[in-house]
Amino acid sequence: LEFDAHRELYDWFVANLPIEKPPKQFEMSRLNVTTFLTSKRKLLKLVKSKVVDGWDDPRMSTLCGMRRRGVTPQALQNFILK
């Protein structure tokens, strides 16, 4: 992971600084789905050329588009974790 080399230093700061509620850090990587358009450049082209009604159009592969399509957060989490 990109920031894995910094994890030890991050953990040291969190353990040694007087922080009342230490922050949580999550690492993630890109999710590639073969039948899903995920390129921001290509999605932006669809929005600008008015092929879709905006970033929240149900045909878009954005989180707000999937939400309007009826995909629940739990369903998306289950899909990603499988």
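Residues numbered from 1 in each chain as written. Predicted model: local features only at pLDDT ≥ 70, side-chain atom pairs only at ≥ 80, totals over all residues. Heavy atoms only, no water.

Overview of the pattern of salt bridges
No. 1: For the structure on display, the rule yields three salt bridges.
No. 2: Note that Asp11 and Arg7 form a salt bridge whose closest N and O atoms lie 3.5 Å from each other. Remark: Arg7 and Asp11 occur in helix H1 (residues 7-16); sequence separation between them is four residues, near one turn of the helix.
No. 3: The class of Asp11 is partly exposed, set by a relative accessible area of 39%.
No. 4: Here Arg59 makes a salt bridge to Asp57, at a shortest N to O gap of 2.9 Å.
No. 5: Taking the relative accessible area as the measure of exposure, Asp57 reaches 3% and is therefore buried. (Salt bridge = Lys/Arg side-chain N within 4 Å of Asp/Glu carboxyl O. Helix = DSSP H or I, 4+ residues; strand = E, 2+ residues; numbered from the N terminus. Buried < 20%, exposed > 50% of the residue type's maximum accessible area, 1.4 Å probe, protein only.)

Concerning the packing of aromatic side chains
Pairs of aromatic rings are described using the distance from one ring centre to the other and the angle between the two planes.
No. 1: Scanning the model with the defined rule gives one aromatic pair in all.
No. 2: Judged by centre distance (5.3 Å) and plane angle (80 degrees), the rings of Trp12 and Phe13 are edge-to-face.
No. 3: For Phe13, a relative accessible area of 38% corresponds to the partly exposed category. (Phe/Tyr/Trp six-rings, centres within 6.5 Å; stacked < 30°, edge-to-face > 60°.)

Some details on the environment of Met66
No. 1: Among the structural elements, Met66 can be located in helix H3 (residues 63-69).
No. 2: The sequence separation of Met66 and Thr35 amounts to 31 residues, and the corresponding C-alpha distance is 14 Å.
No. 3: If near-sequence neighbours (up to four positions away) are discounted, Met66 is found in contact with Phe36, Met60, Ser61, Val71 and Leu76. (Contact = heavy atoms within 4.5 Å.)

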